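Each chain, letter by letter, is given below.
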Amino acid sequence: MAGADRLGAPAGAGRLKALLPRRPGSILLCLLGLLALAAAVAPSWLTPYHPTQIDARSLLQPPSWKHWLGTDELGSDVLARILYGTRLEVAIAMGSVALAALVAVPAGLLAGYRGGRADYALTIVADAILSFPIVLFAVMVVASLGASLGTLIGVLGIVFVPRIFRLVRGQTQVLTEQGFVRSARSMGAGTGDILLRHILPNILGPIMVIVPQLMAVAILIEAGLSFIGLGVQPPQISWGSLMLVSKNYYVSAIWYPLSVGAVTTIASAALVFAGDMAGNAINPDRRTS
Amino acid sequence: MTRLYGAVRVLLILWVVVTVVFVTLRLTPGDPAELLLGPTAGRQDNAERLAEIRAAYGLDKSIPVQYGIFLGNLATGDLGVSNRSQRPVIEMIGTAAPVTIWLIVLSVTAAVPASILLGTLAAERRGSGRDATIRTVATVFIAIPSFWLGLLLLNWFASGLRWFPSRGFEPLLADPLAFAAHMTLPVLTLAIFLIGSFTRFVYTETADTLERDYITVGRAMGLSRRSILFRFSAKNSLTPLIIVVGVEIGTLIGGAVIVEEVFGLPGLGRLLLAGVMSRDYPVVQGTVLIITLAVILINILSEWLYRLITPQARA
């Protein structure tokens, strides 16, 4: 019966099943991702505390059953503050990468496929952005436009554009020379058709490798900018702003800076691992994990 | 012909960068003349003084004219004078740059051998517990926010154990011991990130190399494990590592900005941040220009070095 079941299953379900994580590492990563999304969408489901709830009787309490990660300088639950801060991190990470992809993928396809002057001009702009250290660029723009969620997403989006652009351009150049693209062209397929139906599907894999890695960079840059006073302003909570406040308590309440830093580290490490796994999935003969 | 092409390209990139910096700074709210005068700037009797300052720094001219003067000065190598300290910008950069260069050079020097050792040891036994441990540690190293790590080290080793001074800088020639003491923690902070990044790279390279025929032949000839790993394989990953250092130089300078801020090192990062905060246009423009130029030149240099030592890449 089991065999019949499998035979009877529609092909679509089999494909979906292939996407299910099997190895312990990928299961853990999926769970972390789901946790982050849940915290971003509905943090109140995950913690009974409110992040700005002040309690003068329990300032800077060490971790306990009541407050898993202790309390901060105003008596608020640290875990609740971290969970509520997740929304901003998810917004920054996903927003900036989505923005960059929206610009860089079409530009990279065009530059890689057409070449010529457009390619030259786009590559110079990309190289100019790349030769600008991300932190310097972010400091200048955020200082001039003011620190807000929109500015952060915009700045990171801009610095991520050349990183995705170069990848897409290079892959497109290689694919354009390959047999299946040439034959599609010789059969009269238009540029749009070739780019969207033949080239784009083949570069989605490499894009999925770079996307989580850029998200990790976004989280780390947000933290760095908050540290030099250019992060989001209160009452908005981000992990970077929590790290900035907690820096005064390394001696008196070490668990506070430790837990905020550990969460940030785990999140960005998980994203880097996710990128590695995507890389292994599209490149099975060069497995690195 | 290609060389000329390359030079035009570098100039175009620099032009894009300085223009972006110029425009961004002019968009920044806050009048540099008012910031310079301080809280009394708004008073009626100071209007004349404000006008004087604006005239002295060319801030009274229209923005396109300011842009033209700025480009003209750049072409003659003149980076201008700081609005705040009245010192020539090039001189301020000259004082700050050695700190940043030391920080980066020492971190890279510490990270390269450590990464080659770790990456090679992990790749030698792929899939083992040692491999998994080294690669997990390397990934965590690149994921740690550097200022947070810096503060942690500062509080443990400087404020707590008092092994190192907590902030500041001492020139090497003035007092070598104090120089070492001041640089240890900043270099460690930056090196930890680099070790993570380089180890991951060496691992991938070595994993490839160890499957090559000449390694198998070497093994069959009875070469020792050490000479296979470090005389033949590690040497192979050292070359592409030069490219990685070149490519990562931008990230490194970004990291150095943050690390300088944590440890109070008077390098380019602090110069730039202070300039941004006080709207000191010439300082910000000059520092960004020099840093960008350095990034581009180091990229070119690393590519050139790579070609020099790998004949196959010369084509």
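Reading the values: rules and limits
Residues numbered from 1 in each chain as written. Chains lettered and ligands numbered in written order. Predicted model: local features only at pLDDT ≥ 70, side-chain atom pairs only at ≥ 80, totals over all residues. Heavy atoms only, no water. Helix = DSSP H or I, 4+ residues; strand = E, 2+ residues; numbered from the N terminus. Buried < 20%, exposed > 50% of the residue type's maximum accessible area, 1.4 Å probe, protein only. Contact = heavy atoms within 4.5 Å. Areas by Shrake-Rupley, 256 points an atom, 1.4 Å probe, with all protein chains shown as cover. Lys, Arg positive; Asp, Glu negative; His and termini not counted. Charge placed at Lys NZ, Arg CZ, Asp CG, Glu CD. Domains from an automatic or database assignment. UniProt positions renumbered as here; feature names shortened; annotations may be inferred. Phe/Tyr/Trp six-rings, centres within 6.5 Å; stacked < 30°, edge-to-face > 60°. Axes fitted to C-alpha atoms, helices over the stretch in contact; angles between N-to-C directions. Parallel < 35°, antiparallel > 145°, perpendicular 65-115°, else oblique. Left-handed = near helix turned anticlockwise from the far one by under 90°. Nonpolar A, V, L, I, M, F, W, Y, C, P; charged D, E, K, R; others polar. pLDDT = per-residue confidence, 0-100. Polar contact = N/O pair within 3.5 Å; in protein donor to acceptor, adjacent residues only side chain to side chain. Buried area = accessible area lost by both parts, 1.4 Å probe. Salt bridge = Lys/Arg side-chain N within 4 Å of Asp/Glu carboxyl O. Expected span 1.5 Å × (residues − 1).

Engineer: Before we go on, may I ask you to explain the overall build of chain B in this structure?
Structural biologist: The helix and strand tally for chain B stands at 13 helices and zero strands. Here the C-alpha coordinates of chain B stretch approximately 90 × 60 × 35 Å along the principal axes. Counting only residues that meet the buried cut, chain B has 47% of its 315 residues in that class. Partitioning the intrachain contacts of chain B with sequence separation of at least 6 by distance along the chain shows that 73% fall at a separation of at least 24. When the accessible surface of chain B is summed, it comes to about 15500 Å², and 66% of that surface belongs to carbon and sulfur atoms. Taking the average location of the 26 positive side-chain charges in chain B and that of its 21 negative ones, the two points are 10 Å from each other.

Engineer: Could you clarify how one ought to interpret the overall build of chain A in this entry?
Structural biologist: Along the backbone of chain A there are eleven helices and zero strands. The order of helices and strands in chain A, counted from the N terminus, is α-α-α-α-α-α-α-α-α-α-α. Projected onto its principal axes, the C-alpha coordinates of chain A cover approximately 75 × 65 × 30 Å. For chain A, the proportion of its 289 residues judged to be buried stands at 49%. If you take every contact in chain A between residues at least 6 apart in sequence, the share linking residues at least 24 apart comes to 69%. Of the roughly 14100 Å² of accessible surface on chain A, 68% is carried by carbon and sulfur atoms.

Engineer: Explain the domain arrangement of chain B here, please?
Structural biologist: Size of an interface, as often reported, equals the accessible area lost when the parts are brought together. Along its sequence, chain B is carved into domain 1 (18-75) and domain 2 (92-314). Between domain 1 of chain B and domain 2 of chain B, the C-alpha centre-to-centre distance is 39 Å.

Engineer: Please clarify how the UniProt feature "domain: ABC transmembrane type-1" (unreviewed entry) in chain B should be interpreted in this entry.
Structural biologist: Per the UniProt record, the feature "domain: ABC transmembrane type-1" (unreviewed entry) sits at residues 97-302 of chain B. Helix makes up 83% of residues 97-302 of chain B and strand 0%, and the two end C-alpha atoms of the span are 20 Å apart.

Engineer: For this particular structure, what's the right way to read the packing of aromatic side chains?
Structural biologist: Aromatic ring pairs are described here by two measures, namely the spacing of the ring centres and the angle between the planes. Tallied over the entire structure, the rule returns five aromatic pairs over all chains. Aromatic pair Phe227 of chain A and Phe147 of chain B: ring centres 4.5 Å apart, planes at 15 degrees, arrangement stacked. Residue Phe227 of chain A is found in helix H9 (residues 191-227), and its partner Phe147 of chain B is found in helix H7 (residues 146-160); the two belong to separate chains. Of the two residues examined, Phe227 of chain A and Phe147 of chain B, each falls in the buried class.

Engineer: Help me understand the packing of helix H5 (residues 89-124) of chain B against helix H8 (residues 176-209) of chain B in this model?
Structural biologist: Think of two packed helices as two axes; the pair is described by the angle between the axes and how far apart they sit. Residue and element names in this part refer to chain B. The interhelical angle for the contact between H5 and H8, taken along N-to-C directions, is 40 degrees, at an axis separation of 5 Å. The angle between H5 and H8 falls in the class oblique. When the axes of H5 and H8 are compared, the crossing they make is right-handed. Across the contact of H5 with H8, the residue classes break down as 25 nonpolar, six polar and no charged.

Engineer: Whenever I open this one, the UniProt feature "transmembrane region" (unreviewed entry) in chain A confuses me. Can you help?
Structural biologist: Residues given the UniProt feature "transmembrane region" (unreviewed entry) here are residues 25-46, 90-113, 120-141, 147-165, 207-233 and 253-274 of chain A. As annotated, residues 120-141 of chain A has a helix share of 86% and a strand share of 0%, and its two end C-alpha atoms lie 26 Å apart.

Engineer: Which parts of the structure should I look at to understand the confidence of the model for chain B?
Structural biologist: Residues shown with low pLDDT carry predicted positions that ought not to be read at fine detail. Across chain B, the average pLDDT comes to 81, with 91% of residues at or above 70. Listed scores for the predicted complex are pTM 0.84 and ipTM 0.81.

Engineer: Help me out: how do you make sense of unusual backbone geometry in this one?
Structural biologist: Outside of glycine, negative phi angles account for most residues, and trans bonds account for most peptide bonds. In this model, Gln86 of chain B sits at a positive phi of 65 degrees, which is unusual for a non-glycine residue. Mapped onto the elements, Gln86 of chain B comes out in the loop between helix H4 (63-75) and H5.

Engineer: I tried to follow the side chain of Thr176 of chain A on my own but got confused; where do I start?
Structural biologist: All names here are of chain A. When you line up the elements, Thr176 lands in helix H7 (residues 149-176). Residue Thr176 is classed as buried on the basis of its relative accessible area of 6%. Engagement of the side chain of Thr176 in a polar contact is seen with the backbone oxygen of Thr172, the distance being 2.5 Å. Discounting chain neighbours no more than four positions away, the residues touching Thr176 are Gly112, Tyr113, Val181, Arg182, Arg185 and Ile199.

Engineer: Can you walk me through the interface of chain A and chain B in this structure?
Structural biologist: Tallying the contact residues gives 43 residues for chain A and 50 residues for chain B. Both faces combined, the contact of chain A with chain B buries some 4000 Å², and carbon together with sulfur accounts for 76% of it. Of all residues in chain A, Met140, Phe227 and Tyr250 of chain A bury the most surface against chain B, accounting for 16% of the area lost on that side. Applying the counting rule to chain A against chain B returns one salt bridge. Put simply, Arg200 of chain B and Asp276 of chain A hold a salt bridge, and the shortest N to O gap is 2.8 Å. Where chain A touches chain B, the interface holds three residue pairs in polar contact (both at pLDDT 80 or more). Of all the secondary structure elements, the ones that give two or more residues to the side of chain A that touches chain B are helix H5 (116-130), helix H6 (134-145), H9 and helix H11 (255-282) of chain A. Here the side of chain A that touches chain B is composed, by residue class, of 27 nonpolar, eleven polar and five charged.

Engineer: What should I look at first to understand the UniProt feature "transmembrane region" (unreviewed entry) in chain B in this one?
Structural biologist: Residues and elements named next belong to chain B. Under the present numbering, the feature "transmembrane region" (unreviewed entry) in UniProt falls on residues 7-27, 101-122, 134-157, 177-203, 241-263 and 283-306. Helix makes up 96% of residues 241-263 and strand 0%, with an end-to-end C-alpha separation of 28 Å. Annotation note: span residues 283-306, helix share 100%, strand share 0%, distance between end C-alpha atoms 34 Å.

Engineer: Mind showing me how you'd approach H5 of chain A here?
Structural biologist: The α-helix advances 3.6 residues per turn, and as a result positions three or four apart in sequence lie on the same side. If you check H5 of chain A, its first and last C-alpha atoms are 21 Å apart, about what 15 residues at 1.5 Å a residue would give, namely 21 Å. Of all the positions in H5 of chain A, only Asp119, Thr123, Ile124, Ala126, Asp127, Ala128 and Ile129 of chain A are classed as buried.

Engineer: Just checking my understanding: could you explain the UniProt feature "domain: ABC transmembrane type-1" (unreviewed entry) in chain A for this structure?
Structural biologist: In the UniProt entry, the feature "domain: ABC transmembrane type-1" (unreviewed entry) is given for residues 86-275 of chain A. Along residues 86-275 of chain A one finds 83% helix and 0% strand; the C-alpha atoms at either end are 20 Å apart.

Engineer: Sorry, what's going on with the pattern of salt bridges here?
Structural biologist: All told, the structure shown has ten salt bridges over all chains when counted by the stated rule. For Arg166 of chain A, the salt bridge goes to Asp127 of chain A, with nearest N and O atoms at 3.2 Å. Taken together, the residues span a long stretch of sequence, with Arg166 of chain A in helix H7 and Asp127 of chain A in helix H5 at a distance of 39 residues. Between Arg135 of chain B and Asp131 of chain B there is a salt bridge, with the nearest N and O atoms lying 2.7 Å from each other. Separated by four residues within a single helix, Arg135 of chain B and Asp131 of chain B lie in helix H6 (residues 129-143), roughly one turn from each other. When sorted by exposure, Arg135 of chain B lands in the same class as Asp131 of chain B, which is buried. A cluster of three or more residues bridged by salt bridges with shared partners is formed by Glu124, Arg125 and Arg130 of chain B.

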